Amino acid sequence: MSESRRLPVYLLLDCSGSMNGEPIEAVRAGVKALIADLKTDPQALETAYMSVITFAGSAQQVAPLTELMMFQEPHLDASGSTSLGEALTQLEQCVDREVKKSTPTQKGDWKPLVFLMTDGQPTDSWEQAADRIKQKRINIIACAAGPGADANLLKRITEEVVILNNLQPDTLKAFFKWVSSSIKMTSQSIQQVGPDTPVSLPPPPPTIQFVP
Amino acid sequence: MKVEKATLKDGRVIDYVYSDDPPAGGMKKTYFSPDRSYVVQFFHNESAGLDPQRMARLEYILTKYNPTIPHSQGGAQGVTPAAAEYFKKLFCWPTAIVVKPQVGIVAPTYPSNYFFAKGPFSGREKEGRWFTSPKLRGMLPDEERGAWINYFKLCILMARAVRRLHMAGLAHSDLSCRNILVDPSSGQSVVIDIDSLVVPNLFPPDVAGTPGYIAPEVLGTMHLPLTDPKRILPSVRTDQHALPVLIYEYLLSRHPLRGPKVNSTSSAEEDEQLSMGSKALFVENPQDMSNRPKDLTIPCSVLGPHLESLFMQAFVKGLHSPNDRPAASDWERALIKTWDMIYPCPNRSCSHKWFVLYDTNNVKCPFCNTRITGTVPILKLRKESRPGQWFQDGKIVIYDGIYFFKWHVYDNMFPGEEADRTPQAYCQFYQGQWILVNKNLTSLTSPGGNRVPAGQAVVLKDGAQLRLSQDAHGRIAEVQMLQL
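Analysis parameters
- Position numbers for residues count from 1 along each chain, tracking the sequence in the order it is written.
- The order in which chains are written sets their letters, starting at A; the order in which ligands are written sets their numbers, starting at 1.
- Per-residue local features are limited, in this predicted model, to residues with pLDDT of at least 70; the limit for side-chain atom pairs, both in listing and counting, is 80 or more; totals at the level of whole chains, interfaces and linings are taken over all residues.
- Numbering of helices and strands starts at the N terminus; helices are DSSP runs of H or I of at least 4 residues and strands are runs of E of at least 2.
- The size measure is the radius of gyration over C-alpha atoms, and the globule rule it meets is 2.2 Å times the number of residues to the 0.38 power.
- In this scheme every C-beta is placed from the backbone, and a residue whose C-beta has 20 or more other C-beta atoms within 10 Å is buried, one with 12 or fewer is exposed, and one in between is partly exposed.
- We call two residues in contact whenever the C-beta atoms placed from their backbones are within 7 Å.
- The pairing criterion is simple: DSSP has to find at least two bridges between the two strands.
- Fitted lines through C-alpha atoms give the axes, limited to the stretch in contact for helices. The angle between two N-to-C directions lies from 0 to 180 degrees.
- Domains are outlined according to an automatic or database domain assignment.
- Each angle is binned into one of four classes, with values under 35 degrees roughly parallel, values over 145 roughly antiparallel, values of 65 to 115 roughly perpendicular, and all other values oblique.
- For a crossing to be left-handed, the near helix must be turned anticlockwise from the far one by less than a right angle; the clockwise case is right-handed.
- Each residue is assigned to one of three groups, with Ala, Val, Leu, Ile, Met, Phe, Trp, Tyr, Cys and Pro labelled nonpolar, Asp, Glu, Lys and Arg labelled charged, and all others, Gly among them, labelled polar.
- In plain words, the nonpolar core is the set of buried Ala, Val, Leu, Ile, Met, Phe, Trp, Tyr and Cys residues that C-beta atoms within 7 Å link up.
- Any helix carries an expected span of 1.5 Å times its number of residues minus one.

Moving on: the overall build of chain B. Looking only at helices and strands, one finds 12 helices and 19 strands in chain B. Relative to its length of 484 residues, chain B is compact, with a C-alpha radius of gyration of 25 Å against a globular reference of 23 Å. Dimensions of chain B, computed from C-alpha atoms along their principal axes, come out at roughly 75 × 55 × 50 Å. By residue count, 42% of the 484 residues in chain B fall in the buried class. For chain B, long-range pairs separated by at least 24 residues make up 53% of all intrachain contacts whose partners lie at least 6 apart in sequence.

Here it is in structure tokens:
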């Protein structure tokens, strides 16, 4: 039987020094809970492939795109600056390398779903990478977490920007739970859709607000 | 455990267990009762209670459209107490409307057999996807996978449930592997998420459906505004697409429209939109083979002529022509007729253990290619359409231990929700010959014209005719001994 399409999911996580302590602890727990939750969802198990890219002083793909069942959450540590530009360049390269394109004889992967979370201002040059990534066929949901993050800046990367008011464990937990439900399949809304209608996201919990 | 009170529309107050983190679907969040016998579900949209249409819809679903309450007690027209009991098992039907603290519904908890008892997913609901996807099936413990014959059973129940909805003029509008739970270890299914049923011209659909089950014409017109007259919304006719997709998936473990054909290389999303929508093509389309998987070795024709012709009608003629799709009742009938032709494969290691014996010229199990040898009796059922004229209207393939029921004996009985499920007779291979043993038939008559009382048997011989009942509508069974 022909292999079903894969849904590539990339988590871009800010691991800069400001995340040190409770916040990074909560992110670790959040990623763990996210993976555990998805591992019991039939649709996610069938289609989702996960990858984690972290960024601090530099950016690196700490977990390559891996089938959900085989995925091991990477160890996350927080220190250093916020190389958002490098992270976006990494993402671009990973997507080009790992996501299967459609050809006349092969069904390609679904449009990648990217969750980007940052708690601060980028410390490298990021604008060009942001402009390039916005042109790509990728669904990016950017999350400005806590008071130090700039939601308007993230709008240069994607239209879908949410704000977390703080970096409390419960807030981060709710965020990762929402990420989890965004990856699972639900009934399709009756609303009109166009060829480039963005991915439909479930209503976020009260601690998360969309930036209009 | 923090127990809260919910006030129902009729004034009653019930308990539910509060949770900070309740399970939530697209429309509702769910809280359990303290004893977990029912659930209280609140709509995410808190203004639902202000929407008179939604409230009227719920009210109707609980009363005049409700097949799980006898008509005499306020349920749907024509529902007898027996039928109501029967349909309670096929639907998880809401039982009350909640008005405080939020608008919602009360529904029974799914019976425990719809949760995995064993394995890594223990406690999870048995959505159909677990069983139709080869990848997910491989993750399940053996005892949860269920025998193929149980998938056949649950398809009958599923078709029956959908037939009942359609009979009342209701459309489910989102039939999918998520909204029908299945239990392949017992062969049961239950339709859930009843609260968004569609009543034509009265209550419009909330959702377009679930990817993979949305009818091509709905997907193909999704780009139009909701107000455009060309926009096609879910209805009974789109349920008539989703139902055979499910049946095809359960019986053949593959999707009828997902083949190798690529309809757009610009994106997976666009390709999907076309491949499930305007360019949808049945993987077994006999004229256009361009979407046929290379490894398709078990065509739907192995399910016998009744199901094959309905699949062709649903996925070739009716795929882009909604009015040509078979009704749910057609599926129920065809599955039942096919059930009477099912035969046990003697190969102990056969993956399916049973197959449909329809081709008497080439009797082998299509799943493991085991050839059948020996004698297989077949009963051709005939009904008296005019005095003295007997027409064949059914066929039963006999195996050791097969039971017959009233719907075999009488031509005016149907094995639906009202049927008497008491066995009337059975067949056995006994001391080197095939016999039919009477259990409850009152006027079984042997080929020689003698009555065969309950507890007595008659030997099956080629060409012999048995009168199953002398009553009005009693059938004749003509024996064919297939020598293999």
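Past the structure itself, the notes keep going.
Moving on, we get to the overall build of chain A. The secondary structure content of chain A amounts to six helices and eight strands. Taken from N to C terminus, the helices and strands of chain A fall in the order β-α-α-β-β-α-β-α-β-α-β-α-β-β. Split into buried and exposed, the 212 residues of chain A put 47% on the buried side. Of the contacts formed within chain A by residues at least 6 apart in sequence, a portion of 74% connects residues at least 24 apart.

Residue and element names in this part refer to chain B. Across the sheet, four strands lie side by side as β13-β12-β19-β18; this open sheet has antiparallel pairing. Among the strands making up the open sheet, the edge pair consists of β13 (389-397) and β18 (465-467). Looking at each pair of strands side by side, their axes are set apart by 30° on average, direction ignored. Here β18 pairs with strand β19 (residues 476-483) via three bridges, running antiparallel. From the neighbouring strand, Leu466 faces β19, where its bridge partner is Ala477.

Many descriptions give the size of an interface as the accessible area lost when the pieces come together. Each assigned domain of chain B is listed with its residue range as follows: domain 1 (2-109), domain 2 (113-339) and domain 3 (374-483). Computed over C-alpha atoms only, the centres of domain 2 of chain B and domain 3 of chain B are separated by 35 Å.

Residue and element names in this part refer to chain A. Counting through the fold element by element, Val27 comes out in helix α1 (residues 22-38). In this structure Val27 comes out as buried when scored by C-beta crowding, with 27 C-beta atoms within 10 Å. The sequence separation of Val27 and Leu76 amounts to 49 residues, and the corresponding C-alpha distance is 8.4 Å. The contact partners of Val27, leaving out residues within four places of it in the chain, are Leu13, Met19, Leu76 and Leu172.

For the rest of this paragraph, the subject is the packing of α1 of chain A against helix α6 (residues 169-183) of chain A. Residue and element names in this part refer to chain A. It is the contact of α1 with α6, at a shortest axis distance of 9 Å, that shows an interaxial angle of 30°. For the element pair α1 / α6, the angle class is roughly parallel. By crossing handedness, the relation of α1 to α6 is classed as right-handed. Only Pro169, Leu172, Lys173, Phe175, Phe176, Val179, Ser180 and Ile183 of α6 make contact with α1, whose side of the interface consists of Glu22, Ala26, Val27, Ala29, Gly30, Val31, Ala33, Leu34, Asp37 and Leu38. Among the residues making up the contact of α1 with α6, the classes are represented as 13 nonpolar, two polar and three charged.

A word on the nonpolar core. Counting 115 residues, the largest nonpolar core has Cys155, Ala159 and Leu246 of chain B as the members making the most contacts within it. The dominant element in this core, judged by the number of residues it contributes, is helix α6 (residues 148-167) of chain B, at 12 residues. Val9, Val27, Leu65 and Phe71 of chain A belong to the second-largest nonpolar core, a separate cluster that totals 66 residues.

With that out of the way, let us pick up unusual backbone geometry. Residues and elements named next belong to chain B. Cis geometry is adopted by the peptide bond preceding Pro101, which originates at Lys100 and carries an omega value of 0°. Looking at where Pro101 falls in the secondary structure, it is placed in the loop between β5 (96-100) and β6 (104-108). Backbone geometry at Ser173 places phi at a positive 80°, although glycine is not the residue there. Position of Ser173 among the secondary structure elements: in the loop between α6 and β7 (180-183). A positive phi is found at Asp193, a non-glycine position, where the angle reads about 55°. Tracing the backbone through its elements, the reader meets Asp193 in the loop between β8 (188-191) and β9 (207-209).

Attention shifts here to helix α8 (residues 236-252) of chain B. Residues and elements named next belong to chain B. For α8, which comprises 17 residues, the first-to-last C-alpha distance of 24 Å matches the rise-based estimate of 24 Å (1.5 Å per residue) to within 8%. Taken across its 17 residues, α8 has 17 buried, putting it largely inside the fold. Just downstream of α8 lies Ser253, where phi reads positive at about 55°.

Take the interface of chain A and chain B next. Each partner contributes residues to the interface: chain A has 30 residues there, and chain B has 38 residues. Looking at the side of chain A that touches chain B, the elements that each hand over two or more residues are α2 (42-47) and β7 (188-189) of chain A. Ranked by residue count, the leading element in the side of chain A that touches chain B is α2 of chain A, at four residues.

Residues and elements named next belong to chain A. Look at helix α3 (residues 84-98) against helix α4 (residues 127-135): their axes get within 8 Å of each other, and the N-to-C directions meet at 35°. Relative to α4, α3 is oriented so that their crossing is left-handed. Facing α3, whose interface residues are Gly85, Leu88, Thr89, Leu91 and Glu92, α4 presents Ala129, Ala130, Arg132 and Ile133. Of the residues belonging to the contact of α3 with α4, the class tally is five nonpolar, two polar and two charged.

It is worth spelling out the sheet that holds strand β17 (residues 457-459) of chain B at this point. Residue and element names in this part refer to chain B. Strand order in the open sheet formed by four strands is β14-β15-β16-β17, with antiparallel pairing between adjacent strands. In the strand order of this sheet, the two ends are held by β14 (403-404) and β17, each with one partner. For β14 and strand β15 (residues 425-430), the ladder comprises two bridges, and the chain directions are antiparallel. Looking at β15, one finds that Phe404 is bridged to Ala425.

Here we take up the pairing of strand β1 (residues 2-8) of chain B. Within a regular strand, side chains alternate between the sheet's two faces. All names here are of chain B. Here β1 pairs with strand β2 (residues 13-18) via six bridges, running antiparallel. In the strand pairing of β2, Lys5 is matched with Asp15. In this sheet, β5 lies alongside β1 in antiparallel orientation, the contact comprising two bridges. Bridged to Leu8 within β5 is Val98.

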